[in-house]
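Chain and residue survey
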Amino acid sequence: MLTEHLEYFSLTYKARSYAQAAKLVPMSLQGLIKSIRQLERHYGATLFTTDEHGVLVPTAYADELFSFCGKWEHNSRLLSNAFERIHALESHAIRLGACLGISGNLGQRFQSQLAARLPHIKLAYSEYNDMDCDSGLRLGNYDLAFTIAPYGQDFHTFEMFSDNFIFWVNRDNPLSEKVAGIELGDLESQNIALPGEGFKCFNLFIGGCAEQGIPVGQIFSTAEMFHIYNHALSNRGIGMGVQHLTNLAVFQHDEVVAIPFSGPPWAYGVSYLPAHSLNEMERMFLEYCIGFW
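Reference entry: report on the structure contained in this document. (Residues numbered from 1 in each chain as written. Predicted model: local features only at pLDDT ≥ 70, side-chain atom pairs only at ≥ 80, totals over all residues. Heavy atoms only, no water.)

**Remarks on the pattern of salt bridges**
For the coordinates displayed, the defined rule picks out 5 salt bridges. Here lysine 200 and aspartate 134 are joined by a salt bridge, their closest N and O atoms 2.8 Å apart. Taken together, the residues lysine 200 in helix H7 (residues 200–211) and aspartate 134 in helix H6 (residues 130–138) connect sequence positions 66 residues apart. By relative accessible area, aspartate 134 is classed as buried at 5%. (Salt bridge = Lys/Arg side-chain N within 4 Å of Asp/Glu carboxyl O. Helix = DSSP H or I, 4+ residues; strand = E, 2+ residues; numbered from the N terminus. Buried < 20%, exposed > 50% of the residue type's maximum accessible area, 1.4 Å probe, protein only.)

Take a look at the structure:
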């Protein structure tokens with residue numbers, strides 16, 4: 001039985017519509033219906049009926065098959081991850097996930113020193129936003145991950161680096177006088193540029209304001225730090241940053257000041273799942289990461 005048949009069935013079950021499922025594939029309506037009919041012939045069971053409004057109604061057979069599909073997809077993912085781990089071991093590679101922004105902070109020195117000290121180790125490197133990186137580690141998509149605080153309580157994490165959040169503020173904005181530091185309450189009515197909902201800083205600032213009943217202005221979301229900085233440079237609002245970025249010339253204009261945030265810092269560490277037994281290569285890499293700074 002082809003994998004595609006089960007995938008098309010799952011889409012149809014969720015959409016309760018052949019036409020809608022066909023659009024999601026995408027494929028022709030006739031092709032999708034033919035795939036469902038092949039499944040029905042294979043199992044000798046009717047998977048869908050139609051109610052008086054023309055809406056598809058899954059049968060008890062479909063309910064059981066959909067449950068099977070969920071388990072099959074999970075087991076297929078586990079098998080793929082297992083094969084990837086075997087391939088990584090054979091090629092002396094570590095599958096490494098990372099939150100966006102960490103590789104830039106580590107810089108080229110991290111890679112060059114790693115190559116000099118541990119030349120037999122290769123990294124299969126993938127970058128994601130904070131939440132997707134955490135999810136990928138839980139799913140076993142990689143062996144180790146550079147994760148952003150607050151770290152998952154279900155991870156073993158060794159913190160590598162910590163730095164203060166700052167807000168870039170145009171000098172024409174009265175908030176630029178808050179040299180002692182910006183607090184959540186100071187964000188009231190401010191237009192704010194920062195990474196979006198997939199990033200933990202979004203929950204720190206926007207979620208924190210919502211919890212405390214602090215109304216903010218417009219939210220501009222982008223993963224590009226230069227665009228966030230330009231939000232303040234053009235005086236369209238304030239932009240969230242991290243202290244170490246202020247050392248770069250591109251973020252040093254006289255019209256903008258960097259004001260520290262008085263709350264929790266931006267921090268990252270190297271994480272792995274407690275159930276994951278580190279091999280010798282991963283232990284050596286972990287020790288290198290912990291001692292890097």
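From this point, things continue past the structure.
**Some remarks on the sheet that holds strand S9 (residues 219–221)**
In space, the 5 strands of this open sheet follow the order S9-S8-S10-S7-S11, with mixed pairing throughout. Here the strands that pair on one side only, and so sit at the sheet edges, are S9 and strand S11 (256–260). Sheet twist, expressed as the mean angle between neighbouring strand axes with direction ignored, is 30 degrees. The pairing of strand S8 (residues 192–194) with S9 spans 3 bridges and is classified as parallel. Note on S9: the bridge partner recorded for alanine 193 is phenylalanine 220. Packed onto the sheet, H7 meets strand S7 (165–170), S8, S9 and strand S10 (238–242) and runs at close to 160 degrees relative to S8. (Pairing = 2+ DSSP bridges. Axes fitted to C-alpha atoms, helices over the stretch in contact; angles between N-to-C directions. Contact = heavy atoms within 4.5 Å.)

Just distances and angles here, no functional claims.
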